[in-house]
Amino acid sequence: MTVVRILRAMALLMVLVMTTGCSILFKGDDGETVNMEPVGLNTSLIPEQYLDIVMRAGKLCPEISPEMIAAQIYQEVAGGNLDAKEWPTNLTSPAGAKGIAQFIDSTWAAYGTDGSGDNKADIWNPFDGILSMAVYDCEIVQYVKDYGSADIQSLILAAYNSGPGAVEYYRGIPPYPETQKYVKTIKKNMELLRVAVQGGPAGDFGARVVAEARKHLGVPYRWGGESPKTKNSPGGFDCSGLVKYVFGKLGVKLPRVANAQIMSETPRRIDAKDAMPGDLVGISPDGSMKGIDHIGIVLNSEQIIEAPKPGLNVRIAPISWYAGKTKFYVRYTGPGGGDGASGAKVAPLTGAKLTNGYHAPGGYANPNGWHTGIDLVMKNGSTVGAQIRAVADGEVYSATTNGSYGNQVILKHGAKLYSQYAHMLRFIVKKGQKVKAGQIIGYVGDSGNSHGAHLHFEIRTGPNYGDDISPSEWLKQNGLSYG
Ligand SMILES: [Zn+2]
């Protein structure tokens, strides 16, 4: 450990302390330049309790990403198997690497960082481990950035596995089979951990198709299979069996086989460039519609959900894996209904939990004696300043400081769908402004008649107080929920 390295590590830790210690400023700065990234972390593949720390760690320096951190953890504790539902935190490798990020003691001594908020850096604490992995990744950049023989992320990964000295010696990824495999698996898994941020032009029905299909990720492929996982059976789907089951759950009856699902008179044919989440893509090796031998559900412009082939599970796959084969896209529509809102739906507060439910008695209640929304706080305790997101595309109906609700925003999403966000620290949208689903509209606070920072969130059929319907039920219908 040279003096320079120690100084660099200290500088990094100071940056860390500054950004995490001033979370309101940090989040505010982030929020002013709202930019919908085209792709982001596929949160459904991250154990829920680690979502916040993975997001935070992945943004520590521009060379890494949340997907990279998640893929590294999967590699360190689950051999790169994205079907592993848990991330073990108690592993020790034969070489003495410990915990979720598999640090050896000497490296931990230099880079171990508190990610859990208890002011201790504990090699066995998974939150500390995940953040420390990012600290170390970012530190490695200084050592490997000039070796142009591979991309910077591959070099960081190689150095994480074999040590920065080995990468320096070989001026690139070392020829060790273990390291080569480590880099290759993580890079591949990063693709699978990327997903388009919700908020594209998906119809309501398309979003429900995707939400239903996601429930079956991990079910094994079985030829002729069309049954979901149950208490007593692992279930099994083939490609068209999955599609038939998902649409059937939503009240739309489809033919049984892949080419018939595409060739049916019912759906609308669409161009690849117009494909939206929930559309179907048929894949044909011989270029004809009749020759379609595989089908998947469009997740975004880059990925599909599919039951691939024997030995594999229902998964998210890049559509680029079917490059060179002819693709036919179709769109089925739902059995009708609707609140006038279009587009995907997102949760108002990521990483939050419910503290007071809809129609709960007492507390802050309406004159009828019950709660007209749900109350949410952050699971990690950092509630003040947490980012509040628009739950759907729409327009700002009002953004005001309004008595008991404090700083509140009401969004209009459709003729019969409004959402309300109350007790904000501040809002960053104006009346009349158009917003996209997932866009940050303000920060959680304690303004108005509120006892302790929280987000009061309502779904309404009209703009006014008293037009409320159950936000929990609405979230559930859109594949979202708070425990
Ligand atoms: Zn409330």
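Keep in mind it's a predicted model, so treat the numbers as computed, not measured. (Residues numbered from 1 in each chain as written. Predicted model: local features only at pLDDT ≥ 70, side-chain atom pairs only at ≥ 80, totals over all residues.)

S.K.: Is there a simple way to explain helix α3 (residues 51–58) in this structure?
M.R.: In an α-helix, one turn spans 3.6 residues, which is why side chains three or four residues apart end up on the same side. Of all 8 residues in α3, 6 are buried, a share of seventy percent or more. Among the residues of α3, Asp52, Ile53, Val54, Arg56, Ala57 and Gly58 are the ones counted as buried. On its buried side, α3 packs onto α4 (66–78) and α6 (126–144). (Buried ≥ 20, exposed ≤ 12 C-beta atoms within 10 Å, placed from the backbone. Helix = DSSP H or I, 4+ residues; strand = E, 2+ residues; numbered from the N terminus. Contact = placed C-beta atoms within 7 Å.)

S.K.: Help me understand the packing of α3 against α6, please; the structure alone is not making it clear to me.
M.R.: For the pair α3 and α6, interaxial distance at closest approach is 8 Å and the crossing angle is 15 degrees. With respect to α6, the element α3 is oriented roughly parallel. Here α3 runs over α6; the crossing is right-handed. Contacts between α3 and α6 pair Ile53, Val54, Arg56, Ala57 and Gly58 from the former with Phe127, Ile130, Leu131, Met133 and Ala134 from the latter. Here the contact of α3 with α6 is composed, by residue class, of 8 nonpolar, 1 polar and 1 charged. (Axes fitted to C-alpha atoms, helices over the stretch in contact; angles between N-to-C directions. Parallel < 35°, antiparallel > 145°, perpendicular 65-115°, else oblique. Left-handed = near helix turned anticlockwise from the far one by under 90°. Nonpolar A, V, L, I, M, F, W, Y, C, P; charged D, E, K, R; others polar.)

S.K.: What exactly am I supposed to notice about the pairing of strand β16 (residues 417–427) here?
M.R.: Every regular strand shows the same layout, with side chains that alternate between the two sheet faces. For β16, the tally of buried residues reaches 10 of 11 residues, placing the bulk of the element in the interior. Looking at chain direction, strand β15 (residues 406–414) and β16 are connected through 6 bridges and run antiparallel. In the sheet register, leucine 411 faces β16, and the bridge partner there is serine 419. Connecting the antiparallel pair β15 and β16 is a turn made up of 2 residues. Judged from the 5 bridges that link them, β16 and strand β19 (residues 455–460) form a sheet pairing that is antiparallel. The residue of β19 that forms the bridge with alanine 422 is histidine 456. (Pairing = 2+ DSSP bridges.)

S.K.: In this structure, what is going on with the environment of aspartate 151? I would like to understand it.
M.R.: If you trace the backbone, aspartate 151 turns up in the loop between α6 and α7 (152–162). What makes aspartate 151 exposed here is the crowd of 12 C-beta atoms within 10 Å. Separated by 21 residues in sequence, aspartate 151 and glycine 172 have C-alpha atoms that sit 9.4 Å apart.

S.K.: For this particular structure, what's the right way to read the sheet that holds strand β10 (residues 326–331)?
M.R.: For sheets, the rule is that strands pair by backbone hydrogen bonds, running either parallel or antiparallel. Taking strand neighbours across the sheet as the criterion, the 6 strands line up as β5-β10-β6-β7-β8-β9 in an open arrangement whose pairing is antiparallel. Single-partner strands in this sheet number two, and they are β5 (268–270) and β9 (315–318). Here the average twist between neighbouring strands, direction ignored, is 40 degrees. Pairing geometry for strand β6 (residues 280–284) and strand β7 (residues 294–298), over 4 bridges, is antiparallel. Residue pairing for β7: glycine 282 is matched across the bridge by isoleucine 295.

S.K.: I'm lost on the confidence of the model for the chain in this one. Help?
M.R.: Regions with low pLDDT carry predicted coordinates that are not meant to be interpreted in detail. Residues at a pLDDT of 70 or more form 86% of the chain, whose mean pLDDT is 83. Below pLDDT 50 for its whole length, residues 1–38 participates in 36 contacts with residues either more than four positions away or in separate chains. The low-confidence segment residues 196–203 (pLDDT under 50) makes 36 contacts with residues lying over four places distant or belonging to another chain. (pLDDT = per-residue confidence, 0-100.)

S.K.: I would appreciate a short explanation of the pairing of strand β18 (residues 440–444) in the present structure.
M.R.: Burial of β18 is extensive: 5 of the 5 residues sit out of reach of the surface. With 3 bridges connecting them, strand β13 (residues 387–389) and β18 associate as antiparallel partners. Residue pairing for β18: arginine 389 is matched across the bridge by isoleucine 440. Across 3 bridges, β16 lies against β18 in antiparallel orientation. Note that in β18 the partner of methionine 424 across the bridge is valine 444.

S.K.: What's the story with the packing of α6 against α7 in this structure? I'm lost.
M.R.: Relative placement of two packed helices is described by the angle separating their axes and the distance separating the axes. Remark: α6 packs on α7, axes separated minimally by 9 Å, with the N-to-C direction vectors making an angle of 110 degrees. Between α6 and α7, the angle falls in the class roughly perpendicular. Touching Tyr136, Asp137, Ile140, Val141, Tyr143 and Val144 of α6 are Ile152, Leu155, Ile156, Ala159 and Tyr160, all from α7. Broken down by class, the residue content of the contact of α6 with α7 amounts to 10 nonpolar, no polar and 1 charged.

S.K.: So what exactly am I meant to see when it comes to unusual backbone geometry here?
M.R.: The phi torsion of most residues other than glycine is negative, and most of the peptide bonds are trans. Phi is positive for arginine 171, which is not a glycine, with a value near 45 degrees. Look at arginine 171 and you get partly exposed, because 14 C-beta atoms sit within 10 Å.

S.K.: Please explain the nonpolar core as it appears in this structure.
M.R.: Most often, soluble globular proteins have nonpolar side chains that are buried together. If you look at the biggest cluster of nonpolar residues, it comprises 74 residues, and the most contacted ones within it are Val243, Ile297, Ile388, Met424 and Val444. Structurally, this core is a two-domain feature, drawing no fewer than three residues from each of domain 2 (204–331) and domain 3 (352–477). Ignoring any residue separated from it by four or fewer positions in sequence, one finds isoleucine 297 in contact with Val209, Val210, Ala213, Val243, Val246, Gly278, Leu280, Ile304 and Ile305. Among the nonpolar cores identified, the runner-up in size contains 47 residues, and Ile69, Val77, Ile173 and Met190 belong to it. (Core = buried A, V, L, I, M, F, W, Y, C linked by C-beta atoms within 7 Å. Domains from an automatic or database assignment.)

S.K.: Quick question: what am I supposed to make of the environment of lysine 249 here?
M.R.: Along the chain, the position of lysine 249 falls in helix α11 (residues 239–249). Given 15 C-beta atoms within 10 Å, lysine 249 falls into the partly exposed group. Each C-alpha atom, one on lysine 249 and one on glutamate 212, is 7.9 Å from the other, the two residues being 37 residues apart in sequence.

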